[in-house]
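Coordinates in review
Chain residues, written in single-letter form:
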Amino acid sequence: MKKKREIKRLVIGLGNTILGDDGAGIYAVRELKERYHSERGLSFEEASTGGIGLLDLIDNHDEVVLIDAIITGKGQPGQIYRMEIDELRPAKGLIDPHHLDIRTACTLGERLGYNMPKKFWIYAIEIEEDKVFSDHVSDAVRKGILNLINQLSTDLSLPLPHQDNGQKGCDEGHSSPK
Amino acid sequence: MSRKITINPVTRLEGHGKIEVFLNEKGEVEDAYFQVTELRGFEKFCIGRPVEEMPRIVPNICGVCPTPHNIASTKALDYIFGVAPTPTAKLVRKLQFCANYVEDHYIHFFFLASPDFIMGPEANPAERNILGVINKVGLDIAKQVIEVRRRTREIIKLIASKPAHPEGGLPGGVPRGIKEEERGFIIDTANQCVAFAQFALKLFKDEIYGNKDYLDLIVSHPYHLKTYYMGLVDDYNRQNYYEGMLRVVDPNGREVAFFHPRDYKDYIGEWVEPWTYIRLTYLKKLGWKGIIEGDETSLYRVGPLARYNVADGMATPLAQKEYEYMVSVLGKPVHHTLAYHWARLIEALQAAEEMQRIANDPMLTGKDIRNMNYQFTGKGIGCVEACRGVLIHHYESDDRGLITKVNLIVATQHNAAPIALSVKKDANGFIKDGDVKEGMLNRVEMAFRAYDPCLGCATHSLPGNMPLMINIRNREGKVLKTLIRD
């Protein structure tokens with residue numbers, strides 16, 4: 001019998017770890033990698049810019065999850081949002097090509113013959129501040145990162161940590177970004 | 001815990017690429033101000049850290065110019081540790097730098113600049129992008145751009161471990177050399193880059209300078225700005241992106257300053273205005289004259305057009321021929337802001353030829369990649385020509401090597417006041433009696449894009465785009481109209 005091809009899944013953490021909470025996506029993916037590095041078909045990447053830089057990473061994956069910080073100004077710090085790629089509007093009138101929006105980058109990838117993912121979700125963590133240099137993450141965002149990790153683990157049907165010893169999820173004392 | 005939302009593209013726009021246009025009582029343009037995001041606390045963040053951490057930290061400042069920051073920082077370390085890189089290390093650094101030039105210039109030209117011309121300045125903004133260009137001229141060009149980018153980034157990765165944010169950078173050397181078995185890939189890439197550079201220039205000359213309407217637009221009054229220019233030159237006054245002396249020419253093309261970058265404080269003044277976080281730069285010996293153009297100004301520009309104006313020529317043969325052709329068409333000095341694009345493509349050719357030369361240099365794969373004969377000085381000023389213009393890193397440390405002072409001057413800082421002037425000139429043609437005519441945003445964006453201003457700084461932002469926003473205000477500061485892509 002022909003063996004079914006393994007689904008290739010990728011989780012990308014986007015952010016900048018010298019801008020405090022802006023590094024939330026990076027910290028989240030580091031934590032996920034530590035927990036699930038041995039999970040078959042699942043890989044992890046850190047990225048610092050969006051747009052075409054992401055194309056190289058997402059090529060040849062079936063499912064991609066992007067984790068980033070966001071400032072909507074309407075949510076509480078640490079609040080988590082989940083979006084589909086289609087919910088993002090394509091940009092008109094760029095002034096910086098390195099920040100090509102994700103939707104346009106995906107369309108470009110399809111035109112260029114990249115093997116684009118069939119599923120593409122975005123998880124975002126609300127932050128308040130991304131313009132002050134710091135290598136520390138606020139308590140609210142740290143908590144949000146832990147919540148996001150648990151939610152993502154559930155959404156991707158990954159085993160929650162410490163299941164075998166009866167613990168569910170991760171508590172606030174779990175190792176997390178400084 | 002989780003809910004679905006639709007994000008408005010302006011969510012994280014505040015401060016990014018924002019322009020404020022002020023009208024006088026007659027409803028005419030009085031002033032235009034260009035504002036960018038303020039990232040606070042960088043000096044505080046650095047103070048007390050070991051100075052050798054800087055080449056690893058500074059690429060994170062900017063998602064657009066990480067390699068220039070990395071190299072400028074490493075050069076500052078050379079001075080702090082009083083050590084010169086070995087010849088092989090210098091070749092490796094220059095290879096990294098040239099690879100960055102090729103990649104960056106083509107992404108700018110094909111993704112940002114070419115849609116205005118290939119699709120036309122009046123084209124629907126929804127189609128005036130790289131996808132529109134692909135539809136019009138074919139997929140092959142985009143594939144070539146992406147392939148050149150992929151290969152040049154591979155070279156950066158080879159040297160500095162990560163192309164987006166290089167991690168290497170050691171005083172007197174490089175952390176990793178080039179192996180002989182890697183030379184073939186580098187030579188192939190360099191050859192491909194030279195061929196593509198020639199193709200890009202031909203496309204530019206055929207499609208843009210061969211089109212009278214576009215040529216008229218390029219040399220039109222709104223895109224003409226008379227300033228001084230500053231850039232690095234080598235011993236023969238040719239363009240050099242990695243090192244050299246800073247040369248300044250006046251609006252008539254005459255040399256008025258020639259100095260080592262370590263003396264930058266004697267020549268470059270930094271001026272604070274209440275409407276911007278950017279410290280505006282000006283020629284110190286002339287004094288601050290305000291945001292004006294012409295023979296009376298003390299403002300200067302940096303970047304490709306500035307390098308064209310300050311240098312007597314290019315450092316490589318094919319680029320030299322292209323330079324001579326540009327001189328024959330536009331003369332020197334050139335004050336046409338849209339000519340930045342032409343100069344940029346000639347530079348990509350020089351960088352590609354330079355890559356070719358380095359790739360074939362037997363010394364490239366030498367084992368002597370680090371000079372550790374340190375003579376600690378505690379002060380270092382590193383300067384390179386980033387793709388967008390002169391970049392200066394100035395560090396000082398205590399006798400333990402811990403940072404006590406940091407000052408950076410970036411390209412967009414040099415160009416900030418001229419960008420405001422360019423916007424003002426463009427806006428003038430579109431605003432009469434307080435009425436804003438259609439098409440203003442298009443034209444202002446074109447001037448703005450020519451400078452390739454680096455607004456990315458360290459933030460990457462969801463949803464990932466970064467539109468320009470223009471507020472038009474009356475004298476009292478009330479917003480009359482906001483122009484933005486939505």
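Only a predicted model underlies this, so the values are computations on that prediction, with no experimental measurement involved. Counting restarts for each chain: residues are numbered from 1 in the order of the written sequence. Labels are handed out in written order, letters beginning with A for the chains and numbers beginning with 1 for the ligands. Given that this is a predicted model, residues contribute local features only at a pLDDT of at least 70 and side-chain atom pairs are listed and counted only at 80 or more, while totals for whole chains, interfaces and linings are drawn from all residues.

In this section: the overall build of chain B. Put simply, DSSP H or I for four residues or longer makes a helix, DSSP E for two residues or longer makes a strand, and each gets a number counted from the N terminus. The helix and strand tally for chain B stands at 14 helices and 16 strands. C-alpha atoms define the radius of gyration, and 2.2 Å times the number of residues to the power 0.38 defines the globule rule. Taking 486 residues into account, the globule formula puts the C-alpha radius of gyration at 23 Å, and chain B, at 22 Å, falls close to it. On the principal axes, the C-alpha backbone points of chain B span a range of 70 × 65 × 50 Å. For every residue, the other C-beta atoms within 10 Å of its own C-beta are counted; 20 or more classify it as buried, 12 or fewer as exposed, and values in between as partly exposed. C-beta atoms are placed from the backbone. Evaluated residue by residue, chain B yields a buried proportion of 55% over its 486 residues. C-beta atoms are first placed from the backbone for all residues, and any pair lying within 7 Å is then listed as a contact. By sequence separation, contacts in chain B at least 24 residues apart represent 71% of the contacts at least 6 residues apart.

From N to C terminus, chain A includes four helices and five strands. Along chain A, helices (α) and strands (β) appear in the sequence β-α-β-α-β-β-α-β-α when read from the amino end. Of all 178 residues assigned to chain A, the portion counted as buried reaches 50%. Taking the intrachain contacts of chain A between residues at least 6 apart in sequence as the baseline, contacts between residues at least 24 apart amount to 76%.

Scored by pLDDT, chain A comes out at a mean of 81, with 81% of its residues at no less than 70. In predicted models, pLDDT denotes the confidence assigned by the predictor to each residue on a 0 to 100 scale. Low pLDDT, under 50, characterises residues 163-178 of chain A; the predicted model gives this stretch 21 contacts beyond four residues in sequence or across chains.

Looking now at the sheet that holds strand β6 (residues 255-259) of chain B. Residue and element names in this part refer to chain B. At least two DSSP bridges between two strands are needed for those strands to be called paired. Judged by pairing direction, the sheet is mixed, and its four strands sit side by side in the order β6-β5-β4-β9 without closing on themselves. Looking at which strands have only one partner, the edges of the open sheet turn out to be β6 and β9 (300-301). Where strand β4 (residues 228-233) meets strand β5 (residues 245-249), five bridges bridge the pair, whose relative direction is antiparallel. Its bridge partner being in β5, M230 is matched across the sheet by V248.

The subject of this paragraph is the environment of S134(A). Mapped onto the fold, S134(A) is located in the loop between β5 (119-126) and α4 (139-155). On the neighbour-count criterion, S134(A) (19 C-beta atoms within 10 Å) is partly exposed. C-alpha of S134(A) to C-alpha of I18(A): the two residues are 116 residues apart in sequence and 5.2 Å apart in space. Filtering out sequence-adjacent residues up to four positions away, S134(A) remains in contact with L19(A), G20(A) and F45(B).

Attention shifts here to the sheet that holds strand β10 (residues 379-386) of chain B. Residue and element names in this part refer to chain B. Strands sit in the order β10-β11-β12 across an open sheet of three strands; the sheet is antiparallel. Because the sheet does not close on itself, it has two edges, and the strands there are β10 and β12 (403-409). Taking each pair of neighbouring strands and ignoring which way they run, the sheet shows an average axis angle of 10°. Relative to strand β11 (residues 389-397), β10 runs antiparallel, the two being bridged by eight bridges. Pairing of G382 across the sheet is with H393, part of β11. Orientation is described by axes fitted as lines to C-alpha atoms, over the contacting stretch for helices, and by angles from 0 to 180 degrees between their N-to-C directions. Where helix α3 (residues 66-80) meets the sheet, its contacts fall on β10 and β11, and the angle it forms with β10 comes to roughly 150°. Most of the contacts of helix α13 (residues 411-428) go to β11, to which it runs at about 130°, and overall it touches β10, β11 and β12.

Take the packing of helix α11 (residues 317-330) of chain B against helix α12 (residues 340-359) of chain B next. Two quantities define a packed helix pair, namely the angle between the helix axes and the distance between the axes. All names here are of chain B. Orientation of α11 relative to α12, taken along the N-to-C sense of each, is 165°, at an axis distance of 8 Å. Between α11 and α12, the angle is such that the two are roughly antiparallel. Crossing geometry of α11 relative to α12 is assigned as left-handed. Contact residues: L318, A319, E322, Y323 and M326 in α11; W342, I346, L349, Q350 and E353 in α12. In the contact of α11 with α12, the residues fall into seven nonpolar, one polar and two charged. Roughly parallel means an angle under 35 degrees; roughly antiparallel means over 145; roughly perpendicular covers 65 to 115; every other angle is labelled oblique. By definition, any crossing whose near helix is turned counterclockwise from its far helix by less than a right angle is left-handed, and any crossing with a clockwise turn is right-handed. Three categories are distinguished: nonpolar for Ala, Val, Leu, Ile, Met, Phe, Trp, Tyr, Cys and Pro, charged for Asp, Glu, Lys and Arg, and polar for the others, with Gly belonging to the last.

So, about helix α7 (residues 183-209) of chain B. Because each turn of an α-helix spans 3.6 residues, side chains separated by three or four positions end up pointing in the same direction. Residue and element names in this part refer to chain B. Each residue after the first adds 1.5 Å to the expected span of a helix. Its 27 residues place the ends of α7 37 Å apart at the C-alpha level, agreeing with the 39 Å of an ideal helix rising 1.5 Å per residue. Residues I186, T189, A190, C193, V194, F196, A197, A200, L201, F204 and I208 constitute the buried set of α7. Close packing links the buried residues of α7 with α4 (87-119), α6 (139-160), α8 (212-218), α11 and α12.

Residues and elements named next belong to chain B. The contact between α4 and α7 brings their axes to 12 Å, and the two run at 20°. Taken together, the axes of α4 and α7 are roughly parallel relative to one another. Crossing of α4 against α7: the hand is left-handed. For the pair formed by α4 and α7, the contact residues are V102, Y106, F109, F117 and I118 on the first element and C193, A200, E207 and I208 on the second. Each residue belonging to the contact of α4 with α7 can be placed in one class, and the counts come to eight nonpolar, no polar and one charged.

The next subject is unusual backbone geometry. Of the consecutive residues K332(B) and P333(B), the connecting peptide bond is found in the cis state with omega at -10°. Position of P333(B) among the secondary structure elements: in the loop between α11 and α12. Of note, S157(A) is a non-glycine position whose phi angle comes to about 55°, a positive value. By secondary structure assignment, the location of S157(A) is in the segment after α4. Accessibility expressed as a C-beta count within 10 Å gives 6 for S157(A), which makes it exposed. For N237(B), which is not a glycine, the phi torsion comes out positive at approximately 60°. On the secondary structure map, N237(B) appears in the loop between β4 and β5. By C-beta crowding, N237(B) is classed as partly exposed, having 16 other C-beta atoms within 10 Å.

Residue and element names in this part refer to chain A. Strand direction decides the pairing type here: strand β1 (residues 9-14) and strand β2 (residues 42-47), joined by six bridges, are parallel. Pairing of G13 across the sheet is with E46, part of β2. With its strands directed away from the observer, a crossover is right-handed exactly when the path from the first strand over the helix to the second travels clockwise. Between the parallel pair β1 and β2, the chain is carried across by helix α1 (residues 24-36), and the sense of this crossover is right-handed.

All names here are of chain B. The pairing of strand β2 (residues 18-23) with strand β3 (residues 29-35) spans six bridges and is classified as antiparallel. Within β3, the position partnered with I19 by the bridge is F34. In textbook terms, the turn of a hairpin is the stretch between consecutive antiparallel strands, and for β2 and β3 this stretch comprises five residues, one of which, G27, has a positive phi near 80°. In this sheet, strand β15 (residues 469-473) lies alongside β2 in parallel orientation, the contact comprising five bridges. Bridge pairing links E20 to N471 in β15.

This part covers the environment of C98(B). Residues and elements named next belong to chain B. Its place among the elements puts C98 in helix α4. The exposure class assigned to C98 is buried, which follows from the 27 C-beta atoms found within 10 Å. For the pair C98 and A352, spaced 254 residues apart in sequence, the C-alpha to C-alpha distance is 6.8 Å. Each residue touching C98, except ones within four places of it in the same chain, is listed here: A351, E354 and M355.

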